[in-house]
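# An overview of the molecular structure
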Amino acid sequence: MIVRTYDGCGAAALTEKVVGLYAAVFAEPPYAEGPEDVEDFRDLLAIEIPQPGFRLVTAEVDGELVGFAYAYSLREATRWWEDITPSPAPEVTAERDGRTFAVKELAVAAPYRRKGIGRRLHGVLLARRSEERATLTVRPDAAPALAAYESWNWSQLGVIRPGGGEITYVVMVRSLP
């Protein structure tokens, strides 16, 4: 397995491969995402790649993309912490540029799961970051993902329903070394 790290410039060139793997992984339960969701992801990725501190980590086996993870630094004006229940203490949600690294996606193709690839992507993604903490959201019905994050020292902060939607996500945080 080959693991590579990219900043925004390098990541943009991999958009089609990342979107293709995203489509395959998130078509599965519990996500059941379809073509419209994949196009929404493509659009969001184009917005997120230029964000400060953007990092993409990929895993390849025999030249095939089998996993990826990406994150970027939250800005002071972020809406990330809005509408979490129960409401965290103000010192938790007070953001400043460069305080928090937001993990947006981590995906591994089905045949390559439970082989340590997700853990490796996660470790490389968070390595040598200058932020003091990281955050992510995960669906509670994605039990294997939730269990992995908990085993990787993430703590649950609360839950959120982005845009008042019907899907609930667990908001998690962890300190960075």
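Scroll up a little and you will see the structure.
The text that follows walks through the structure, step by step, so that each part is easy to find. (Residues numbered from 1 in each chain as written. Predicted model: local features only at pLDDT ≥ 70, side-chain atom pairs only at ≥ 80, totals over all residues. Heavy atoms only, no water.)

### Thoughts on helix 5 (residues 117–126)
Test applied: Burial classes: relative accessible area under 20% of the type maximum marks a residue as buried, over 50% as exposed, and values in between as partly exposed (1.4 Å probe, protein chains only). Helical segments are the DSSP runs of H or I of at least four residues, strand segments are the runs of E of at least two, and each set is numbered from the N terminus. In this context, the arc is that of the directions from the helix axis out to the C-beta atoms.
Buried within helix 5 we find Ile117, Gly118, Leu121, His122, Leu125 and Leu126. Angularly, the buried residues of helix 5 cover 155° about the axis, an arc narrow enough to put them on a single face. One or two residues past the end of helix 5 sits Arg128, with phi positive at roughly 50°.

### Points about the sheet that holds strand 5 (residues 133–138)
What counts, and what does not: DSSP-based pairing: two strands are paired if at least 2 bridges between them are found. Fitted lines through C-alpha atoms give the axes, limited to the stretch in contact for helices. The angle between two N-to-C directions lies from 0 to 180 degrees. Two residues form a contact once any of their heavy atoms are found within 4.5 Å.
One open sheet accounts for seven strands, arranged 1-2-3-4-5-7-6; its pairing is mixed. In the strand order of this sheet, the two ends are held by strand 1 (2–6) and strand 6 (155–160), each with one partner. Taken over all neighbouring pairs, the strand axes of this sheet differ in orientation by 25° on average, direction set aside. With five bridges connecting them, strand 6 and strand 7 (residues 169–175) associate as antiparallel partners. Counted as the bridge partner of Ser155 is Val173 from strand 7. Along the sheet, helix 2 (residues 15–26) makes contact with strand 2 (55–61), strand 3 (64–73) and strand 4 (100–108), crossing strand 3 at roughly 100°.

### Quick notes on the nonpolar core
Put simply, the rule is: Working definition of a nonpolar core: buried Ala, Val, Leu, Ile, Met, Phe, Trp, Tyr and Cys residues. They are joined through side-chain atoms within 4.5 Å.
With 54 residues, the main nonpolar core has Leu56, Phe68 and Trp154 as its most contacted residues. By residue number, the principal contributor to this core is strand 3, which donates seven residues. Look past the residues within four positions of Phe68 in its chain and what remains in contact with it is Val18, Leu21, Tyr22, Phe41, Leu56, Val57, Thr58, Glu105, Leu106, Ala107 and Leu121.

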